[in-house]
Amino acid sequence: MPIDKHKGKDDVCYTGSKLLRANIWEPQFDQNTFFGRSRHYFKLCNPMNFFSAERRLEHARKIMERYRKGDPMDDVSMYQLWKAKYLYDSTFDRYTDDKMFLPGRPAAFVPMTALIGGGMLTYYQSAAPIIFWQWAFQTLQLAIHYTARSPNSKVTDKQLVIGYGAGTLAAVSTALLYHTAFKCFAPITSRMGPALAAVVGTCVTVPFTRYNDIEDGIVIYDNKDKKLAYSTVAAKYSVLLDTLKHALVVAPPLVAAPFYMEYLEERGTLCRYPYLTLPNQMLFLALFCTFLTPLFRAIVSDRASMPFDRLQPELQNCITKRGADPPPRRVFFDLGL
């Protein structure tokens, strides 16, 4: 169970039996609640971490290294420990202790989305920019998937490339078709093309990337985290929720930005200062992704469940015959890579 241990700067984290140590390999806040997930994603994707000095990053890494080794930490408060944990998780790979690929870091999510999303929403009126910015956005999604993939994931590099190619083709095709069909419509309608294309690309990428999971199944657990079996039904449900999760991250800022630009256009701001179009788009996306995207991301939890009787009949029989206890009413499984 995730632990919410942020009580103040005077809480001190000791090793040994003096004080139960916080499990900082788990999120600080309860992931069973929408509010807890929102707080977690807000701290993990805080754009200020992207601009942190090398000295602060190294200090956070050393704190985590001391924690991992079980060294005495009498000089580190609980507040400092959690702060170091989120700075570390937003920049470093916990499995290798190396820095993540920069565009795919959680800390880089806001600035990279603002930069590429701003270009995509600004230059949408001719074919060449449409192709370039849709390709750039799907490349960013590839970087995020590649960086977020755990060592135990069944997703291979080949699958990532196939998903990337399929998603890019879908996004570019959708954007070009939309532009051709709606270029003579009202500006607000035309501005929705990039958002629709990006969502279509995302909805194509995720299933292609997780094809092995759909074919082989994913691990399901009972409510005590005991591994039960591999289920293809749970895998399909997981991929569906994972696709929805990514769409909820991609769509809201790209859909909201055109309404903001339409408002500026009606006021005459963009007519007087056309050079402010791109900076305004980027600023709006940065603010939206910083403060509102964590709320949309928190709608879907990283762990889901389904009724036991929805599993394959043969798998239900196998689990029932194998276990001494009655079968669980619900089974649990993880989303994502």
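Residues numbered from 1 in each chain as written. Predicted model: local features only at pLDDT ≥ 70, side-chain atom pairs only at ≥ 80, totals over all residues. Heavy atoms only, no water.

## Digging into the pattern of salt bridges
(1) Moving on: This structure, assessed with the given rule, holds 18 salt bridges.
(2) Moving on: Between Asp89 and Arg94 there is a salt bridge, and its shortest N-O distance comes to 3.5 Å.
(3) Moving on: Of the residues examined, Arg94 reaches a relative accessible area of 31% and is grouped as partly exposed.
(4) Moving on: Residues joined in a network through salt bridges with shared partners are Arg210, Asp213, Asp242, Lys245, Arg297 and Asp302. (Salt bridge = Lys/Arg side-chain N within 4 Å of Asp/Glu carboxyl O. Buried < 20%, exposed > 50% of the residue type's maximum accessible area, 1.4 Å probe, protein only.)

## Considering the confidence of the model for the chain
(1) Moving on: For the chain, mean pLDDT is 89; residues scoring 70 or higher make up 93% of the total.
(2) Moving on: Counted against residues more than four places away or in other chains, residues 1-20, with its pLDDT under 50, gives 47 contacts. (pLDDT = per-residue confidence, 0-100. Contact = heavy atoms within 4.5 Å.)

## Quick word on the environment of Pro72
(1) Moving on: Considering the arrangement of structural elements, one finds Pro72 in the loop between helix 2 (54-69) and helix 3 (78-89).
(2) Moving on: It is 20 Å that separates the C-alpha atoms of Pro72 and Glu26, two residues lying 46 residues apart in sequence. (Helix = DSSP H or I, 4+ residues; strand = E, 2+ residues; numbered from the N terminus.)

## Here we look at the packing of aromatic side chains
(1) Moving on: Summed over all chains, the structure comprises 14 aromatic pairs.
(2) Moving on: For the ring pair Tyr123 and Trp133, a centre distance of 6.4 Å and an interplane angle of 15° mean the geometry is stacked. In this pair, Tyr123 sits in the loop between helix 4 (109-122) and helix 5 (127-148) while Trp133 sits in helix 5, placing the two residues 10 residues apart along the sequence.
(3) Moving on: Among the residues examined, Trp133 registers a relative accessible area of 17% and is labelled buried.
(4) Moving on: Site record: aromatic cluster; members linked through ring pairs are Tyr123, Phe132, Trp133 and Trp135.
(5) Moving on: Seen from the ring of Tyr86, Lys85 lies directly overhead, with NZ or CZ sitting 5.3 Å from the centre. (Phe/Tyr/Trp six-rings, centres within 6.5 Å; stacked < 30°, edge-to-face > 60°. Lys NZ or Arg CZ within 6 Å of the ring centre and 35° of its normal.)

## What about helix 1 (residues 34-44)?
Helical geometry: 3.6 residues make up each α-helical turn, so side chains three or four residues apart lie on a common side.
(1) Moving on: Considered for burial, the residues of helix 1 that qualify are Gly36, Arg37, Ser38, His40, Tyr41 and Leu44.
(2) Moving on: Those residues of helix 1 hidden inside the fold are in contact with helix 3 and helix 13 (293-297).

## Considering the nonpolar core
(1) Moving on: One finds Ile116, Met120, Phe137, Ala198, Val250, Leu254 and Leu285 to be the most contacted residues of the largest nonpolar core, which totals 21 residues.
(2) Moving on: Those elements that place two or more of their residues in this core are helix 4, helix 5, helix 8 (193-209), helix 10 (232-267) and helix 12 (277-291).
(3) Moving on: Once residues within four sequence positions are removed from consideration, Ala198 is found in contact with Met120, Gln134, Phe137, Gln138, Val250 and Leu254.
(4) Moving on: Formed by 19 residues, the second largest nonpolar core is a distinct cluster that contains Ala60, Ile63, Leu87 and Phe92. (Core = buried A, V, L, I, M, F, W, Y, C linked by side-chain atoms within 4.5 Å.)

## Notes on the packing of helix 8 against helix 10
(1) Moving on: It is the contact of helix 8 with helix 10, at a shortest axis distance of 9 Å, that shows an interaxial angle of 160°. Relative to helix 10, the element helix 8 is oriented roughly antiparallel. When you trace helix 8 past helix 10, the crossing you get is right-handed. Here Ala195, Ala198, Val199, Thr202, Cys203, Val206 and Pro207 of helix 8 come into contact with helix 10, specifically with Val239, Asp242, Thr243, His246, Ala247, Val250, Ala251, Leu254 and Val255. (Axes fitted to C-alpha atoms, helices over the stretch in contact; angles between N-to-C directions. Parallel < 35°, antiparallel > 145°, perpendicular 65-115°, else oblique. Left-handed = near helix turned anticlockwise from the far one by under 90°.)

## Details of the environment of Leu81
(1) Moving on: Relative to the assigned elements, Leu81 resides in helix 3.
(2) Moving on: Sequence spacing of Leu81 and Tyr211 is 130 residues, and the spatial spacing of their C-alpha atoms is 38 Å.

## Looking at helix 4
(1) Moving on: Compared with the 20 Å implied by 1.5 Å per residue over 14 residues, the 19 Å span of helix 4 between its first and last C-alpha is a close match.
(2) Moving on: With 13 of 14 residues buried, helix 4 lies mostly within the body of the structure. (Expected span 1.5 Å × (residues − 1).)

## Some thoughts on the pairing of strand 4 (residues 330-334)
(1) Moving on: The side-chain alternation of strand 4 yields one buried face, formed by Val331 and Phe333, and one unburied face, formed by Arg330, Phe332 and Asp334.
(2) Moving on: Taken together, the five bridges between strand 3 (residues 303-307) and strand 4 define a ladder with antiparallel strand orientation. Bridging from a neighbouring strand, Pro307 pairs with Arg330 of strand 4. (Pairing = 2+ DSSP bridges.)

## Re the pairing of strand 1 (residues 218-221)
(1) Moving on: With four bridges connecting them, strand 1 and strand 2 (residues 227-231) associate as antiparallel partners. Along strand 2, the bridge assignment pairs Ile220 with Ala229.
(2) Moving on: Between the antiparallel neighbours strand 1 and strand 2 lie five residues, among them Asp225 with a positive phi of about 65°.

## As for the state of the cysteines
(1) Moving on: A full pass over the atoms with the stated rule returns zero disulfides.
(2) Moving on: This cysteine, Cys45, is not joined by any disulfide, and Cys289 carries the nearest cysteine sulfur, 9.5 Å off. (Disulfide = S-S within 2.5 Å.)

## Points about the side chain of Arg297
(1) Moving on: With respect to the helices and strands, the residue Arg297 is situated in helix 13.
(2) Moving on: There is a polar contact of 3.1 Å between the side chain of Arg297 and the side chain of Tyr41.
(3) Moving on: A polar contact of 2.7 Å, which involves the side chain of Arg297, links it to the side chain of Asp302.
(4) Moving on: The contact partners of Arg297, leaving out residues within four places of it in the chain, are Tyr41, Lys245, Val249 and Asp302. (Polar contact = N/O pair within 3.5 Å; in protein donor to acceptor, adjacent residues only side chain to side chain.)

## With respect to the packing of helix 5 against helix 6 (residues 157-182)
(1) Moving on: As a packed pair, helix 5 and helix 6 sit with axes 9 Å apart at the nearest point and diverge in direction by 150°. With respect to helix 6, the axis of helix 5 lies roughly antiparallel. Taken as a pair, helix 5 and helix 6 cross one another with a handedness that is right-handed. Residues Ala127, Ile130, Ile131, Gln134, Trp135, Gln138, Thr139, Leu142, His145 and Tyr146 of helix 5 pack against Asp157, Leu160, Tyr164, Gly167, Thr168, Ala171, Val172, Ala175, Leu176 and His179 of helix 6.

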